[in-house]
Structure formats: C-alpha cells, structure tokens
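Fold and geometry: a report
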Amino acid sequence: MRLKNRVALLTAAAGAGIGQATARAMAKEGAQVIITDAHEDRVLDVAGDIKDLYGIETLGLKCDVTDRAEVERAVHAALEKFGHIDILVNNAGTNRPSQVADMTDDMWDIVINTSLRGTFYCSRAVMPAMMKQNYGRIVTITSVAGFMGLKAGHAHYAAAKAGAMAFTRCLAMEAAPYHITANTIAPSFIYNEFIPHIYPEDEIERMYENIPYPRKGTPQDVANTAVFLVSEEGEYITGQTICVTGGSWMR
Ligand SMILES: NC(=O)c1ccc[n+]([C@@H]2O[C@H](COP(=O)([O-])OP(=O)(O)OC[C@H]3O[C@@H](n4cnc5c(N)ncnc54)[C@H](O)[C@@H]3O)[C@@H](O)[C@H]2O)c1
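First, a word on scope: everything that follows refers to the structure included in this document. (Residues numbered from 1 in each chain as written. Predicted model: local features only at pLDDT ≥ 70, side-chain atom pairs only at ≥ 80, totals over all residues.)

**A word on the overall build of the chain**
Secondary structure assignment for the chain yields eight helices and seven strands. For the chain, whose C-alpha radius of gyration is 17 Å, the value lies close to the compact-globule estimate of 18 Å for 251 residues. For the chain, the spread of C-alpha atoms along the principal axes amounts to about 45 × 35 × 35 Å. The 251 residues of the chain split such that 48% are buried. Long-range contacts, defined here as pairs at least 24 residues apart, represent 72% of the contacts in the chain between residues at least 6 apart. (Helix = DSSP H or I, 4+ residues; strand = E, 2+ residues; numbered from the N terminus. Rg over C-alpha atoms; globule rule 2.2 N^0.38 Å. Buried ≥ 20, exposed ≤ 12 C-beta atoms within 10 Å, placed from the backbone. Contact = placed C-beta atoms within 7 Å.)

**Describing helix α5 (residues 155-175)**
Here α5 is 21 residues long and its end C-alpha atoms lie 30 Å apart, about the 30 Å a rise of 1.5 Å per residue gives. Along α5, the residues classified as buried are His 156, Tyr 157, Ala 158, Ala 160, Lys 161, Ala 162, Ala 164, Met 165, Thr 168, Leu 171 and Ala 175. (Expected span 1.5 Å × (residues − 1).)

**What about the packing of helix α1 (residues 18-28) against helix α8 (residues 219-230)?**
Relative orientation of the contacting elements α1 and α8 amounts to 50°, with a least axis distance of 8 Å. Judged by the angle between their axes, α1 and α8 are oblique. Both α1 and α8 take part in a crossing whose hand is right-handed. Of α8, the residues touching α1 (which contributes Ile 18, Ala 21, Thr 22, Ala 25 and Met 26) are Pro 219, Gln 220, Val 222, Ala 223, Asn 224, Ala 226 and Val 227. (Axes fitted to C-alpha atoms, helices over the stretch in contact; angles between N-to-C directions. Parallel < 35°, antiparallel > 145°, perpendicular 65-115°, else oblique. Left-handed = near helix turned anticlockwise from the far one by under 90°.)

**Section: the site of the ligand**
The environment of the ligand is made up of 29 residues, and the closest members are Ala 12, Gly 15, Gly 17, Gly 19 and Gly 93. Sorting the residues of the shell around the ligand by element identifies α1 and α4 (105-133) as the ones contributing at least two each. Of the residues assigned to the shell around the ligand, the class counts are twelve nonpolar, 15 polar and two charged. (Near = placed C-beta within 6 Å. Nonpolar A, V, L, I, M, F, W, Y, C, P; charged D, E, K, R; others polar.)

**Quick look at helix α3 (residues 68-82)**
Because each turn of an α-helix spans 3.6 residues, side chains separated by three or four positions in sequence point in the same direction. For α3, which comprises 15 residues, the first-to-last C-alpha distance of 21 Å matches the rise-based estimate of 21 Å (1.5 Å per residue) to within 8%. Considered for burial, the residues of α3 that qualify are Val 71, Ala 74, Val 75 and Ala 78. Buried residues along α3 cover an arc of 95° about the axis, so they all sit on one side. Exposed and oriented more than 90 degrees from the buried face of α3 are Ala 69, His 76 and Glu 80. Turning to α3, the residues buried within the fold contact β1 (7-10), β2 (32-37), β3 (58-62) and α4. Just beyond α3, the residue with positive phi is Gly 83, at close to 85°. (Arc of directions from axis to C-beta.)

**Here we look at the environment of Met 250**
Tracing the chain through its elements places Met 250 in the segment after β7 (241-244). Along the backbone, Met 250 and Val 144 are 106 residues apart, and their C-alpha atoms lie at a distance of 9.6 Å.

**Quick word on the nonpolar core**
Ranked by internal contacts, the top residues of the largest apolar core, which has 71 residues, are Ala 8, Met 26, Val 33, Ile 35 and Val 126. Residue contributions to this core peak at nine residues, all from α4. In contact with Val 126, not counting residues within four places along its chain, are Leu 9, Val 75, Ile 85 and Leu 88. (Core = buried A, V, L, I, M, F, W, Y, C linked by C-beta atoms within 7 Å.)

No statement about biological role is implied by the geometric values presented.
Take a look at the structure:
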C-alpha cells in the first residue's frame, strides 16, 4: 500500500495499454484513481471495475487532453470529489505514421497536440493545487522515439515526445521548491491489442527484432516504473527520463 491516501489522475487510462495498467497498479497500491480518456463510455466501465476490484474510490471522466476546457473541467471535478490531486500521469499520446513529404497538417496537429499540448494542459491545470499542498508527482509517458532517428514515418511523434521530455525538465526545475517531481518514462515497443490498428505487421516485427531482452515489453513494465517514481522511494528523482526498453535503447 505504498500509495495509500494518494489521489492519482491519469489521462488516456481507459484503453488496452499503459494508461489503464498504470491506473490499476496505482489502485493496487492504495491510491484513489481518476480515470480520464477521450473515450467516454470506457472511462465509466474502467473506473467502476477498478473500484470493485481494489475497494478504493474512483472517478471516471471524459477528457480529451487536446481540449483545454475538458482538461480544466476534469481537474476541477477531481478536486471537488477528492480535495487533492497528488499524482498526474500524462499518458495520452497518438501516432499517424507518415513520411514528412506526405504528412498533412492534420496528422501533425493531432500527434503534437495529444502528446505535447496535452501534457502542457494537464500539468498546468494540476500545478496550482500541487503547489498549494506542497506535494506532487507528475509522470509523462514519452518514448525512445524522442531520442532516435526513425525512418518509418515518426517525425511528428518523435518531435512531440522529445518536446515532452524538454518540457518536463523545465517543469521539474519550477516545481522542485514545492516538493513536486516531474519525470518521463520512455518505453520502446509495448504491445497491446490495438497496436495492429496503428502499425503494419512488418513494422511490428521490426520493432521486436530490436529488443535484446528475450520477452515482449508489457504495459505492466511501464506501470511498475511509474509506481516507483510516484512512491516515497522515488522522491529524489526529478527531471529525468527513465527508459523501459528491454535494452533496445541504452543511454
Ligand atoms: N505502446 C507502445 O509501444 C508505446 C511505446 C512508447 C510510448 N508509448 C506511449 O505510451 C502512451 C500509452 O500508449 P499505449 O499504446 O500503451 O495505449 P493506452 O491504452 O495507454 O492509450 C490509448 C488510449 O488513449 C486514448 N486517447 C487517445 N487520444 C486521446 C486524447 N487526445 N485525450 C485523451 N485520451 C486519448 C484512447 O481513447 C485510448 O483509450 C502513449 O503516450 C504512447 O505514445 C507507447
């Protein structure tokens, strides 16, 4: 119960991947969780399921992180119900693979706005409450794409993730005097059932080939790292990007 009495707000937490796994891992450690996602129906199902399973209070809210008003409404509703938000997990991210020569403005906007603008909107919205309570943990899910040159149409995605890392370093500097930490987790390929809708089969196989550790990375691997960063044991780590890659990216 490392997160007992903590309240965690997570974005994009009603899908099949890292967001929901992290919400469950935090609830298992005693945190009360606010499940937000652009997908309205699923947030209620996931919040209800976690509440029943772990016996903690939850809240399910529709929140598209690219919509400033929805982000502000979600944070307001969370504060109304719980009185405090101790943990923010900026998990929302999306990709529309395309070579730069073919990339449309819409592709650029949705990818940048989800990972980068969304991280800014959510972090800005929780900061006043965290500063007032003199405590907070912000974790943003980025990607090793933020470090690497990639040829499979990830230029906008890589730029968004690198931007979120840079944003986090500056946020960490501003937040530190208030005992607020801000870090990112950069996974490499983490499989879930929706991945084949985003990437072609040969790209998925290529991503596996580049991972030295002899198993597939799972959403739980990233969730475990997030729990550590937001726990008391992670207190002195801030401004960092922790890579969860099975060795496919080493710094
Ligand atoms: N899966 C991977 O291989 C991988 C690798 C590196 C980084 N990441 C990053 O990890 C994060 C989680 O990805 P995942 O693949 O584990 O899926 P996930 O299940 O955690 O997230 C998918 C969910 O995101 C929601 N979503 C999409 N756009 C949104 C928006 N604008 N606002 C709110 N919710 C939105 C969807 O409704 C869906 O429920 C993303 O930021 C992704 O870029 C994933």
